[in-house]
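The residues making up each chain are set out below.
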Amino acid sequence: MRDARPLNCMRAIVRGDAPMPPPPSSASSRAPARVASGGAHASSASAAMARGQPVRRLCRARTVTTRANADGTDGDARDRAADEGSGDAKAPARRKRVLSGVQPTGSIHLGNYFGAIRNYVKLQDDYDAFYCVVDLHAITSGAHDPRELEASTRMSAGIYLAAGVDPSKANVFVQSHVPAHSELAWLLNCATPIGWLEKMIQFKEKARKAGEDVSVGLLDYPVLMAADILLYKADLVPVGEDQRQHLELTRDIAGRVNSLYGGKKWKKMKGKAPSGRSRGGDVLLVPEAFTPKEGGRVMSLTDGSSKMSKSNPAEGSRINVLDTPDEISKKIKRCKTDTFEGLEFGNPERPESQNLLTMYQLCTGLSQEEVIAECGTMRWGDFKPKLTEAVIEHLSPIQGRYKEIMDEPGYLEGVLRDGADKANEVANITVRDVRDALGFYQPR
């Protein structure tokens, strides 16, 4: 286990008012899953899931990972047995699990930070947290720079830790270090109708621009995303509004696999699954999305109606977490504004005012009312220096901690190695059960 000493103090760095889900209770209910058979959708969540009964393991050790029964079998066995009326004692409910990740393409910007990473810090205290750098997704469009991918992967992981993600509370790892991601993606591919993927909005938009050069990866990456989520049986998945369609696809894919291979079909195979649970019921757990009401979509500096994005070729459209004070100042000074008097939230005709005030609110931790009281009568020329100061002040301790992490030999590598070990432990249990339900021969 790696030394996590520098990280607890960093929790104070991350401030803001984005509402979080309440700490999970052991018996909270889950929404029924949507299942697609052919083109229709119907409910397929098991009775156990609908009642909120535990279907997976508790956690152990340094961070939070898995629990085994005393005989070495997975804790699900007792849970499943209790559901089936075998008389076995029912195991205590496990902590709910959260899974999320950010692509290591380009630099992590304020949109990634406020929309995702800062929420990681808030969630790690109450959830069994798995946070990955999704490097397999970074090569989706093809023709990436291998050296840049390697450097960006390390940088992204370092920013996770610098922003306050604590490896003593959360598992931080690199996606490609867990081979089960690729394997489960293939198994899910074979159960996913291609029509579902062709309806994805992002694919249609990007395929229209790329024409015949569009990669298969662009079509298929939502299935890989589904595999990422389903491997860890995540109860909660923080996503931006632009990713909600992919989360719904994940729910559909899980429901389809459960309908095709779970339930009575799996139970007829009799005996125990490789994890130790009794065969039957749902093979995959259907996740829920979480989108923060504030900061979920930080918008572009050059167009307040478009989200801040790594793919935008204009560097001035985004503020990166590692930008220098001089770079931040220049970008804010040149950012798009409007000709209205004063500043305000909530006016659809003023997306730049909404965006820049929200950025100020998130960096200062003030409420909207406090921001308006302080800045509502200002002109842009007065507000921009104030926003610049707030952004620099908010990012400065993160940048300082990032330098410490990257300068400490072996620290980041050790954190990622430990995280991958825990992730492999959980992911391999899931993929073995999926193989079992699909009928693959697996020597015991």
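Here, every reference points to the structure presented above.
Residues numbered from 1 in each chain as written. Predicted model: local features only at pLDDT ≥ 70, side-chain atom pairs only at ≥ 80, totals over all residues. Heavy atoms only, no water.

A. How the structure looks around helix 3 (residues 110-123). The end-to-end C-alpha distance of helix 3, which contains 14 residues, comes to 19 Å, matching closely the 20 Å that a straight helix rising 1.5 Å per residue would cover. Maximal helix bending in helix 3 amounts to about 30 degrees, located at Ala116. In terms of residue burial, helix 3 counts as a mostly covered element, since 13 of its 14 residues are buried. (Helix = DSSP H or I, 4+ residues; strand = E, 2+ residues; numbered from the N terminus. Expected span 1.5 Å × (residues − 1). Bend = angle between axes of the 7 residues up to and from the residue. Buried < 20%, exposed > 50% of the residue type's maximum accessible area, 1.4 Å probe, protein only.)

B. Representation of the nonpolar core in the model. With 60 residues, the main nonpolar core has Met359, Phe383 and Val391 as its most contacted residues. With 9 residues, the single largest contributor to this core is helix 14 (residues 380-407). Beyond its immediate sequence surroundings of up to four residues, Phe383 is in contact with Leu343, Leu356, Leu357, Tyr360, Cys375 and Met378. Counting residues in hydrophobic clusters, the runner-up holds 49 residues, among them Leu188, Leu231, Val239 and Ala254. (Core = buried A, V, L, I, M, F, W, Y, C linked by side-chain atoms within 4.5 Å. Contact = heavy atoms within 4.5 Å.)

C. Inspection of helix 5 (residues 180-189) at higher detail. Every buried residue of helix 5 is listed here: Ala180, His181, Leu184, Ala185, Leu187 and Leu188. Here the buried residues of helix 5 occupy an arc of 165 degrees about the axis, which is enough to place them on one side. On its buried face, helix 5 is in contact with strand 5 (170-174), helix 8 (216-231), helix 9 (244-261) and helix 15 (411-438). (Arc of directions from axis to C-beta.)

D. Summary view of the environment of Ile319. Of note, Ile319 is situated in the loop between strand 7 (288-290) and helix 11 (325-334). Since its relative accessible area comes to 0%, Ile319 is described here as buried. Every residue in contact with Ile319, bar those within four places of it in the chain, is listed here: His109, Leu110, Leu301, Met308, Ile328, Lys331, Ile332, Met359, Val391 and Leu395.

E. Expanded view of the packing of aromatic side chains. For the structure shown, the criterion picks out 8 aromatic pairs. Relative to Phe114, the ring of Tyr113 lies with its centre 4.9 Å away and its plane at 55 degrees, an arrangement referred to as tilted. A relative accessible area of 0% places Tyr113 in the buried class. Given the relative accessible area of 1%, Phe114 is considered buried. Plain terms: the ring middles of Phe130 and Phe173 are 6.4 Å apart, the flat faces sit at 75 degrees to each other, and that makes the pair edge-to-face. Here Phe130 is found in strand 4 (residues 128-133), whereas its partner Phe173 is found in strand 5, with 43 residues between them in sequence. With a relative accessible area of 0%, Phe130 lands in the buried category. Take Phe173: its relative accessible area is 0%, and that puts it in the buried class. The structure contains a cluster of three or more aromatic residues connected by ring pairs, namely Tyr120, Tyr131 and Tyr160. (Phe/Tyr/Trp six-rings, centres within 6.5 Å; stacked < 30°, edge-to-face > 60°.)

F. View of the packing of helix 5 against helix 8. Close contact between helix 5 and helix 8 brings their axes to 8 Å; oriented N to C, the two are set at 120 degrees. As far as their axial angle goes, helix 8 and helix 5 are oblique. Read as a crossing pair, helix 5 and helix 8 show a hand that is right-handed. On helix 8, the residues that touch Ala180, His181, Leu184, Ala185, Leu188 and Asn189 of helix 5 are Asp220, Val223, Leu224, Ala226, Ala227, Asp228, Leu230 and Leu231. Broken down by class, the residue content of the contact of helix 5 with helix 8 amounts to 10 nonpolar, 2 polar and 2 charged. (Axes fitted to C-alpha atoms, helices over the stretch in contact; angles between N-to-C directions. Parallel < 35°, antiparallel > 145°, perpendicular 65-115°, else oblique. Left-handed = near helix turned anticlockwise from the far one by under 90°. Nonpolar A, V, L, I, M, F, W, Y, C, P; charged D, E, K, R; others polar.)

G. Looking closely at the pairing of strand 3 (residues 97-102). For strand 3, the buried fraction is high: 5 of the 6 residues fall into the buried class. Direction of pairing for strand 3 relative to strand 4: parallel, over a ladder of 6 bridges. Its bridge partner being in strand 4, Leu99 is matched across the sheet by Phe130. Taking the sense of rotation as the criterion, the β-α-β connection linking strand 3, helix 3 and strand 4 turns out right-handed. (Pairing = 2+ DSSP bridges. Right-handed = clockwise from strand over helix to strand, strands pointing away.)

H. Quick look at the side chain of Lys384. By secondary structure assignment, the location of Lys384 is in helix 14. No salt bridge forms around the buried Lys384; measuring N to O, its nearest opposite-charge neighbour Asp338 is 9.9 Å away. Those residues within four positions of Lys384 in sequence are excluded, and the remaining contacts are Ile332, Lys333, Arg334, Cys335 and Thr337. (Lys, Arg positive; Asp, Glu negative; His and termini not counted. Salt bridge = Lys/Arg side-chain N within 4 Å of Asp/Glu carboxyl O.)

I. Examining the packing of helix 4 (residues 146-162) against helix 15 more closely. Where helix 4 contacts helix 15, the two axes come as close as 11 Å, and the packing angle between them is 85 degrees. Of the possible angle classes, the one that applies to helix 4 and helix 15 is roughly perpendicular. Together, Arg154, Ala157, Gly158 and Leu161 of helix 4 and Tyr411, Leu412, Glu413, Val415 and Leu416 of helix 15 make up the contact between the two elements. Of the residues belonging to the contact of helix 4 with helix 15, the class tally is 6 nonpolar, 1 polar and 2 charged.

J. Quick peek at unusual backbone geometry. With a phi close to 50 degrees, Lys233 is a non-glycine residue in the positive phi region. Along the chain, Lys233 turns up in the loop between helix 8 and strand 6 (236-238). The phi dihedral of Lys270 is positive, around 60 degrees, even though this residue is not glycine. With respect to the helices, strands and loops of the structure, Lys270 is situated in the loop between helix 10 (263-267) and strand 7. For Lys270, a relative accessible area of 63% gives the class exposed.

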